[in-house]
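Take a look at the letters that make up each chain.
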Amino acid sequence: ITVSAVLDIPFLESVTSSIPTNTQPSVNMPRSILTNENQVLVAAIVAADADSDPLVFSLQGVDAGIFTITNGNIQFVNAPDFEASRTTYEIVESVSDNVNPAVVVTITVVGENVNEAPSLIAGSGFTIAETAVDGTVVGIVAGNRSAPR
């Protein structure tokens, strides 16, 4: 800011002031994240603002509705199952300090299979008469084994 004499009436010769600039937030997120199936947590958001402005986080993109931001963490709304759902997702994370343009990062989330123990299907209970002879078929058990691909 410069103030000078006007109409030859001395006021101040000049005053110069420096206005500090506000900087964009910094975001330090990997562009690809591997996460195990059957869990909701994807990653903690790593972002900061040198000016201590409050940060606002949002997700966009085709797969944004599958995720949420909770307490600074990117999470699945529902934990994915490798055997029953997609395994690759793409989201666009936006971090803003509401002063500068938002910092935008595209992240690919890849779900990894976990070797799960086999489980019995519900309703697989059987009874057998105490007087049954050896070799009597009691029932047929159906199982579900999720083997790694």
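Above: the structure in question.
What you see is a predicted model, and the numbers here were worked out from it, not measured in a lab.

Caption draft 1: Looking closely at the sheet that holds strand 9 (residues 103–112). Here we have four strands laid out as an open sheet, ordered 2-9-8-5, and mixed in their pairing. In this open sheet, the two edge strands, each paired with only one partner strand, are strand 2 (32–36) and strand 5 (56–60). Taken pair by pair, the neighbouring strands of this sheet meet at an average axis angle of 30 degrees, ignoring direction. Looking at chain direction, strand 5 and strand 8 (residues 88–96) are connected through five bridges and run antiparallel. Pairing of Ser58 across the sheet is with Ser94, part of strand 8.

Caption draft 2: Broad picture of the pairing of strand 6 (residues 67–70). Here four bridges tie strand 6 to strand 7 (residues 73–76), and the two strands are oriented antiparallel to one another. Opposite Thr68, over in strand 7, you have Gln75 as the bridge partner. In sequence, strand 6 turns back onto strand 7 through a hairpin of two residues, with Asn71 there showing a positive phi of about 50 degrees.

Caption draft 3: Highlighting the packing of aromatic side chains. Within the structure shown, the criterion is met by three aromatic pairs. Ring centres 5.4 Å apart and planes at 75 degrees place the aromatic pair Phe76 and Tyr89 in the edge-to-face group. You can see Phe76 sitting in strand 7 and its partner Tyr89 sitting in strand 8, a full 13 residues away along the chain.

Caption draft 4: Region of interest: the side chain of Ser94. Positionally, Ser94 belongs in strand 8. Accessibility expressed as a relative area gives 10% for Ser94, which makes it buried. When sequence neighbours within four positions are dropped, the list of residues in contact with Ser94 reads Val56, Phe57, Ser58, Gln60, Ala102, Val103 and Val104.

Caption draft 5: Representation of the nonpolar core. Residues Met29, Val42, Phe67, Ile74, Ile91, Ile107 and Val109 are the most contacted members of the largest nonpolar core, which totals 18 residues. Going through the elements one at a time, strand 3 (41–44), strand 7, strand 8 and strand 9 are the ones with two or more residues in this core. At four residues, strand 9 tops the list of elements feeding residues into this core. Discounting chain neighbours no more than four positions away, the residues touching Met29 are Ala43, Ala44, Ile45, Val46, Ile74, Glu93 and Ile107.

Caption draft 6: The arrangement of the environment of Thr68 in detail. Along the chain, Thr68 falls in strand 6. The class for Thr68 is partly exposed, based on a relative accessible area of 29%. Along the primary structure Thr68 and Val40 are separated by 28 residues, whereas in three dimensions their C-alpha atoms are 9.7 Å apart. The residues contacting Thr68, other than those within four sequence positions of it, are Leu59, Asn73, Ile74, Gln75 and Val77.

Parameters and conventions
- Residues numbered from 1 in each chain as written.
- Predicted model: local features only at pLDDT ≥ 70, side-chain atom pairs only at ≥ 80, totals over all residues.
- Heavy atoms only, no water.
- Pairing = 2+ DSSP bridges.
- Helix = DSSP H or I, 4+ residues; strand = E, 2+ residues; numbered from the N terminus.
- Axes fitted to C-alpha atoms, helices over the stretch in contact; angles between N-to-C directions.
- Phe/Tyr/Trp six-rings, centres within 6.5 Å; stacked < 30°, edge-to-face > 60°.
- Buried < 20%, exposed > 50% of the residue type's maximum accessible area, 1.4 Å probe, protein only.
- Contact = heavy atoms within 4.5 Å.
- Core = buried A, V, L, I, M, F, W, Y, C linked by side-chain atoms within 4.5 Å.

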